[in-house]
Structures are given as C-alpha cells and as structure tokens.
Amino acid sequence: MALTYYFMQLMFTVLILLIISAIAGYLLRNFTSLQKVLNRSTTITIVLLLFIFGMSIGSNESILSNLHKDGAKAGVIAVLGILGSVAATACFRLMNKKGGAK
C-alpha cells in the first residue's frame, strides 16, 4: 500500500511540474533568445538520457541474456509500426487529394 501511495505522489508531482512548466513556457514564448537556449538544452538532455538508458541496459545481465529474443520482437514491432505509419500517410494523402472527389 505504501508503494502505491509513493507512486501516486510521484505521478502528481510530475504532473504538477509539467503544468507549471507549460504555463511558464506559454508566458515566456515571446523571448526568442530563451527559446534558442531551451531548444539546444532539450536536445542535449535527450542525448544524455539516451546515453544513460543505454548504460543501464548494458549493465543489466538479464536484459543482455535475453537480447536476441526481445530484440527480435522489438525489431518486428518497430518495422510494423513504420509500415503502419506509411500506410496511414498514403491513405490520408489519397483521401485528401486536391481536385479529387469529395
């Protein structure tokens, strides 16, 4: 029960921080110099998160021992997701062609 309470508290903390930062971003949207800094720092943060995530995967023995099975499943899911996106885009373009029947 205590663990559930902890996760709920963490979830609400993250949501409150997200709302506060969205409001701050809205209020500061006209400062172009700040936007340039934020865009650059966002890219750097994402790269660092991916690096740390990769390090945690590489240090986890159970993930590495099942990588051949789980990696193949992940590859199939990724390929099917890409194919689905391409098919949806093609359907959308066909339905919204200019000059076509409406």
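Scroll up for the structure.
Residues numbered from 1 in each chain as written. Predicted model: local features only at pLDDT ≥ 70, side-chain atom pairs only at ≥ 80, totals over all residues. Heavy atoms only, no water.

Run through the overall build of the chain, naming residues and quoting values.
Looking only at helices and strands, one finds 4 helices and 0 strands in the chain. Counting from the amino terminus, the chain carries its helices and strands in the arrangement α-α-α-α. Against the 2.2 N^0.38 benchmark of 13 Å for 102 residues, the chain shows a C-alpha radius of gyration of 21 Å, more extended than a compact globule. The dimensions of the chain, computed from C-alpha atoms along their principal axes, are 60 × 50 × 35 Å. Taking all 102 residues of the chain together, 0% fall into the buried category. Surface accessibility of the chain: about 9400 Å² in total, with carbon and sulfur atoms responsible for 74%. (Helix = DSSP H or I, 4+ residues; strand = E, 2+ residues; numbered from the N terminus. Rg over C-alpha atoms; globule rule 2.2 N^0.38 Å. Buried < 20%, exposed > 50% of the residue type's maximum accessible area, 1.4 Å probe, protein only. Areas by Shrake-Rupley, 256 points an atom, 1.4 Å probe, with all protein chains shown as cover.)

Run through the packing of aromatic side chains, naming residues and quoting values.
Following the criterion strictly, the structure yields 1 aromatic pair and no others. Positioned over the ring face of Y26 is R29, at 3.9 Å from the centre of the ring. (Phe/Tyr/Trp six-rings, centres within 6.5 Å; stacked < 30°, edge-to-face > 60°. Lys NZ or Arg CZ within 6 Å of the ring centre and 35° of its normal.)

Please give an account of the environment of Q35 that cites residues and values.
Tracing the sequence through the fold places Q35 in helix α2 (residues 32-58). A residue is classified by how much of its surface remains accessible, and Q35, at 33% relative accessible area, is partly exposed. Between the C-alpha atoms of Q35 and G25, which are 10 residues apart in sequence, the distance is 9.1 Å.

This is a description of form; function is not addressed.
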